[in-house]
Amino acid sequence: SWSKTGEWGTYSLGGALHNVLYGDLHPGYLNNVDGYVTSPTINLGGASGANMDFVIHCDTEYTTSSLYDFTALEFSSDGSLFNLVDAWDEAKLDNDTNPDNISPLGYPYIPFLNNGLTSTFKFRYWWHTDSINYPDVQYDGCYVDNLNIVKFSNSPGDVYGNKEGTSMATPHVSGVVGLVWAY
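Residues numbered from 1 in each chain as written. Predicted model: local features only at pLDDT ≥ 70, side-chain atom pairs only at ≥ 80, totals over all residues. Heavy atoms only, no water.

1. Quick look at the pattern of salt bridges
Close approach of charged atoms lets side chains of opposite charge pair. Test applied: Every case where a carboxyl oxygen of Asp or Glu lies within 4 Å of a side-chain nitrogen of Lys or Arg is listed as a salt bridge. Runs of H or I in DSSP of at least four residues are treated as helices and runs of E of at least two as strands, each being numbered from the N terminus. Per-residue accessibility, obtained with a 1.4 Å probe over protein chains only, is compared with the maximum for each type, and a residue is labelled buried under 20%, exposed over 50%, and partly exposed between these values.
Taken as a whole and judged by the stated rule, the model has two salt bridges. Between Glu 74 and Arg 124 there is a salt bridge, and its shortest N-O distance comes to 2.5 Å. One end of the pair, Glu 74, is in strand E6 (residues 70-76); the other, Arg 124, is in strand E9 (residues 122-128), and 50 residues separate them in sequence. By the burial criterion, Glu 74 is buried, and Arg 124 matches it. Residue Asp 86 is joined to Lys 92 by a salt bridge in which the shortest nitrogen-to-oxygen separation is 2.5 Å.

Now the structure itself:
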């Protein structure tokens, strides 16, 4: 099962939208936070490859010089020692360098390294904030949605399936749109 430390939780975006995985559920996120949400063990042993994709959105302190408040992704091939894969904040996701605009969504595609294809693979998201947030600004933090992991194999007997995610409607809708567009 999933485990967490810190302020991680699910949050409803309301209306017809769905729940997302949020790094900090406090309105105007807290200072000095290091929280993790860790996946259950995923058996990638014997795979010829694997990848992960998801949606990320960040509304954080805006700086292009360094990461101060961010969500990061870490992988572990042994289930206990984690290594940084990448990290995101609002400035990294922003496509126009204007801190006053709403941050766009990011769509990371992460191929797994062969040394991570083990039977004890885990990943985790890390939410980090520093000690300084502007007191008159309430940032929303970062959320993750539509998490998908795909395992590739050359074995004829392998069975494929989707992994957990907070919403799996998008791939289905995209597939239908692709089919309709093809006609």
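Now that the structure is up, let's keep going.
2. Observations regarding the sheet that holds strand E7 (residues 83-88)
Filter applied, for reference: Think of it this way: DSSP has to see at least two bridges between two strands before they count as a pair. Axis geometry follows a simple rule: fit a line to the C-alpha atoms, using only the stretch in contact for helices, then measure angles between N-to-C directions, giving values from 0 to 180 degrees.
If you trace the five strands from one edge of the open sheet to the other, you get E1-E4-E9-E6-E7, paired in antiparallel fashion. At either end of the open sheet lies a strand with only one pairing partner, and these are strand E1 (3-5) and E7. In this sheet, adjacent strand axes meet at a mean angle of 20° when their direction is disregarded. Here E6 pairs with E7 via five bridges, running antiparallel. Along E7, the bridge assignment pairs Ala 72 with Ala 87.

3. Regarding the nonpolar core
We count it as follows: Each nonpolar core is a collection of buried residues, namely Ala, Val, Leu, Ile, Met, Phe, Trp, Tyr and Cys, held together in the definition by side-chain atoms within 4.5 Å. Throughout, a residue-residue contact means that at least one pair of heavy atoms, one from each residue, lies within 4.5 Å.
Formed by 29 residues in total, the largest nonpolar core has its most connected members in Met 52, Phe 54, Leu 73, Phe 75, Phe 112, Phe 123 and Tyr 125. Of all the elements in the fold, those that place two or more residues in this core are strand E5 (49-59), E6, E9 and strand E10 (141-152). The element contributing the most residues to this core is E5, with five residues. Ignoring any residue separated from it by four or fewer positions in sequence, one finds Phe 123 in contact with Trp 2, Val 37, Thr 38, Ser 39, Ile 42, Met 52, Leu 73, Glu 74, Phe 75, Phe 82, Leu 147 and Ile 149.

4. Some words on the packing of aromatic side chains
This is how it is decided: The aromatic pairing rule takes the rings of Phe, Tyr and Trp, using the six-membered ring of Trp, and pairs them if the centres are within 6.5 Å, calling planes under 30 degrees apart stacked, those over 60 edge-to-face and the rest tilted. Placement of a positive charge over a ring is assigned whenever Lys NZ or Arg CZ falls within 6 Å of the ring centre and within 35 degrees of the normal to the ring plane.
If you walk through the whole model with that rule in mind, you get 14 aromatic pairs. Between Tyr 36 and Trp 126, the aromatic rings sit 5.9 Å apart at their centres with planes inclined by 15°, giving stacked as the arrangement. Taken as a pair, Tyr 36 in strand E4 (residues 34-38) and Trp 126 in strand E9 lie far apart in primary sequence, 90 residues in all. Among the residues examined, Tyr 36 registers a relative accessible area of 21% and is labelled partly exposed. On the basis of relative accessibility, which here comes to 19%, the residue Trp 126 falls in the buried class. Consider the rings of Phe 54 and Trp 88, whose centres lie 5.6 Å apart with planes at 90°: the pair is edge-to-face. Here Trp 88 lies in strand E7 and Phe 54 lies in strand E5, a separation of 34 residues in the sequence. Trp 88 shares its class with Phe 54; the two are buried. By the ring-pair criterion, three or more aromatic residues cluster together here, those being Trp 2, Trp 8, Phe 54, Trp 88, Phe 123 and Tyr 125. Of note, Arg 124 hangs over the ring of Tyr 36, and the distance from its end group to the ring centre comes to 4.0 Å. Residue placement shows Arg 124 over the ring face of Phe 82; its charged tip is 4.1 Å from the ring centre.

All quantities given are derived from atomic positions and should not be read as evidence of function.
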